[in-house]
Every structure is written in structure tokens, then in C-alpha cells.
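# Coordinates in review
Listed below are the residues making up each chain.
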Amino acid sequence: MNTKVAVNGYGVIGKRVADAVRAMPDMDLVGVADVATDWRVRTAVGLGITVFAANDDAAAGMTRAGIPVSGTLAELLAEVDVVVDTTPKKVAAANLPLYRSAGVKVVLQGGESHATTGHSFVAQANYATAVGRDTTRVVSCNTTSIVRVLGALQDAGLLARARGVLIRRATDPGEAHQGGIMNTMVPEAAIPSHQGPDARTVRPDLDVVTIAAKAAHTQTHSHFWTLQLTRPASREEVLAALRAAPRIAFVRMADGLTALNTTVELMRDVGRPRGDMWEVAVWEDVLTVEGDEAYLTYQVYNEAIVVPETIDAIRALTGTATDGATSIALTDHVLGMRREFLPAAVPVRD
Ligand SMILES: NC(=O)c1ccc[n+]([C@@H]2O[C@H](COP(=O)([O-])OP(=O)(O)OC[C@H]3O[C@@H](n4cnc5c(N)ncnc54)[C@H](O)[C@@H]3O)[C@@H](O)[C@H]2O)c1
């Protein structure tokens, strides 16, 4: 029997999770809940998604706006096995008592603290420890990328220490009319920024320090890393370690993919829904290894990277796949995740 899923909060992450749940052969999206009364929720209605009101005020507002409301959040919870809470930061933690009393499993997102669930999740790193739990938290977009990439190098026995600079987008494109910064860059006030310590909620043995800044663009984050390796290694060894891990793709400056916007455009051109990139995109031809140090840069599509992790978290909590590799393979196959986005170049004949 398929796992019945609710999504509470149909925003940037929630609408993507809802679509991914609908695509999975072993899951059914029973409905989404929200408090919005405008085009965002009406879009869900137009897509054939059943809409619930997250509270009484929202029910009244949605009804006034002519949105067909199928019931309350409590009624939605009565019909599902799992709720994915994708409401804004800090709202989700307050919903936990309601979820517990409904007896449903709960997937939270990175806006909540590790302490809210006591478990933080990245599928390739710690799927097994989430199996059968009642709750977990899929870590933030930046943290997910750190665990994927540094975790891959650590699993290969190559990573001793990582020091990184994160340039974050100012706000999401769909919310750019509400705020954001222009013509400046804003360094975070403290070092380490929270992403390094957050990665250790998933992989406690990572030696990682992050420094972050917010920049004046809306799409995607980029990370720049200096890596102390456990021993002198070749560039090929480092690349092989990244290739051995799931959900890391490779892009190249030599292909003209020279900036964040070019990769965004590529995702649109290869037909990704909403132009999403679920993979971490590592610039293969920028990766440099000198003795026992490596330097690399990659791009994080913040609006999408946590979506496959959320799908795997649903399977882990419900125990419908007890093995992380099985869940990852199914999620990645259904979504169409890739290692390369361009066809192999045809060799030049002399
Ligand atoms: N945006 C990103 O790039 C990103 C990346 C990774 C993780 N996250 C995390 O995902 C979570 C959701 O972030 P987002 O960017 O999708 O937020 P968002 O603001 O885009 O969407 C939140 C949605 O929840 C709705 N909402 C607000 N209050 C509600 C309530 N009380 N009950 C039900 N619905 C309510 C809003 O109307 C909106 O549709 C946060 O924890 C965030 O930190 C965000």
C-alpha cells in the first residue's frame, strides 16, 4: 500500500515536495495545507491537488477567496501516515504537538533546529538511523550540499579538514518583490556561520568551518572550499570519490558553464520542472589538487536540493525502504537525477 503524505506549507519547498510525492510510485499526496488565499493555493487547486486550511482563519479566508477547502489540517492529518512540514522557519516546531496527537510521522525542514526532532537527515549519510523514527529534520540546502560533498570525500578516506566560504542568494526569486539586497554583499556577523556546525548534526566527525555572506542575486548559492586531505592525492582520486557518491553532478567552465545563471539556464533547457537542479553541481575543471590539499567550488540550487532528501526521509520514517541505497536509487530514477547534464562530446577526428 502506498504511503499517504500531507504537505503543510505550499511554498518554495512545499510545492516541489508535493510534486515529487505525486511522482513517486509508492506514495500518494492526500493534500496540502496552507494559510495563503491567493494565486499560490489556487495554482494547487488547478493542478488537481486537494487543499486544506491550516487553521480556522485560513479556512475563512480561503472560502471567501473562492478556494475549495476540503477541510482543516487536523482532518488532513487523520488521513495520512506522514506530514512534511514546509511552513516558514519556526512555524513547524509549534505544529509538533498537533502532529504527535494525530499520531503521524513528521518530516521537518532546515529552518527548524536539530533539537526539535533530535535527528537531522541527509539520505546518503545517515538514512539508517532515521528508519522507524517518528520525526526527522531534513537539513538546509547549504548543509545538505556540505554533507553530500565533504561526506563523499570523508567516506573515501580522503578528507581531514574543510574550510569553506559560502556566498548565499539574497532571497528566493518568487519573493524578490518583498525584500532582498541590492548592490552590496553582507557578510554574516559570526564565524563559523551556522552551516558548518549544522553539518555535524548529521556527520559529527566532520572537521569543518564555514564563513558566509549574502549576495545581491536571487538564484542559488555557491561554495568555495579549501580541503586538507589525509594524504597527497591525485585530482583523479578526488573526482573518483565525488563520482562514487549520489547526487553530485559535474559541470565545466570549458562547456561555457561559467556562472550561476548559465547552470540555471541549462536546467531549464534540459526540461527540469521549474528549472530545478536537485544535484550539487561541482565545477570539474576548476577542481585543483596540490599535494595533500584540494580546492573546489560548487553550486547549490537551494529551492530544490532538499526535495530528494525529503522523499527519502518519508521512506526512512515509515520503514517502507529500510536501506538508504534502495530509496535513493528509486527517488533519483523517478526524478531523473543525473551525473552529467550534457551528452558526451564527440571525439575530434584528425
Ligand atoms: N527556500 C529555500 O531555499 C529553502 C531551502 C532549504 C530549506 N528551506 C526550509 O524549508 C522551510 C520552508 O521554507 P520555504 O522557503 O519553502 O518557505 P516559503 O515562505 O516559500 O513557504 C512557506 C509556505 O507556508 C505557508 N504558511 C505560512 N504560515 C503557515 C502556517 N501557520 N500553516 C501552514 N502554512 C503556512 C506560506 O503561505 C507559504 O506558502 C523552512 O524551514 C526553510 O528554512 C528553505
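Reading the values: rules and limits
Residues numbered from 1 in each chain as written. Predicted model: local features only at pLDDT ≥ 70, side-chain atom pairs only at ≥ 80, totals over all residues. Heavy atoms only, no water. Patch = residues over 30% accessible without salt bridge, like charges linked within 9 Å, V, L, I, M, F, W, Y side chains within 5 Å. Areas by Shrake-Rupley, 256 points an atom, 1.4 Å probe, with all protein chains shown as cover. Salt bridge = Lys/Arg side-chain N within 4 Å of Asp/Glu carboxyl O. Helix = DSSP H or I, 4+ residues; strand = E, 2+ residues; numbered from the N terminus. Domains from an automatic or database assignment. Contact = heavy atoms within 4.5 Å. Buried area = accessible area lost by both parts, 1.4 Å probe. Polar contact = N/O pair within 3.5 Å; in protein donor to acceptor, adjacent residues only side chain to side chain. Nonpolar A, V, L, I, M, F, W, Y, C, P; charged D, E, K, R; others polar. Buried < 20%, exposed > 50% of the residue type's maximum accessible area, 1.4 Å probe, protein only.

Nonpolar side chains collect at one region of the surface, where Val 165, Ile 191, Ile 211 and Phe 224 lie side by side and expose about 340 Å² of accessible area between them. Tracing the sequence through the fold places Phe 224 in strand E11 (residues 221-229).

Taken domain by domain, the protein comprises domain 1 (3-139 + 309-335) and domain 2 (141-300). Distance from the C-alpha centre of domain 1 to the C-alpha centre of domain 2: 26 Å. On the side of domain 2, 17 residues touch domain 1, which itself brings 20 residues to the contact. Looking at the side of domain 1 facing domain 2, the largest losses of area belong to Arg 16, Gln 124 and Val 139, adding up to 33% of the total buried there. Where domain 1 meets domain 2, there are seven salt bridges. With a shortest N-O distance of 3.0 Å, Asp 19 and Arg 274 are connected by a salt bridge. The tally of links between domain 1 and domain 2 comes to 11 residue pairs in polar contact (both at pLDDT 80 or more). Elements that contribute at least two residues to the side of domain 1 that touches domain 2 include exactly helix H1 (12-23), strand E6 (120-121), helix H7 (123-130), helix H12 (306-318) and helix H13 (324-335). Residue composition of the side of domain 1 that touches domain 2, by class: eight nonpolar, five polar and seven charged.

The next point concerns the side chain of Thr 144. With respect to the secondary-structure elements, Thr 144 resides in helix H8 (residues 141-155). Overall, Thr 144 belongs to the buried group, its relative accessible area being 0%. Here Val 139 takes part through its backbone oxygen, which lies 3.2 Å from a polar atom of the side chain of Thr 144. Filtering out sequence-adjacent residues up to four positions away, Thr 144 remains in contact with Val 122, Val 139, Ile 305, Val 306 and Glu 309.

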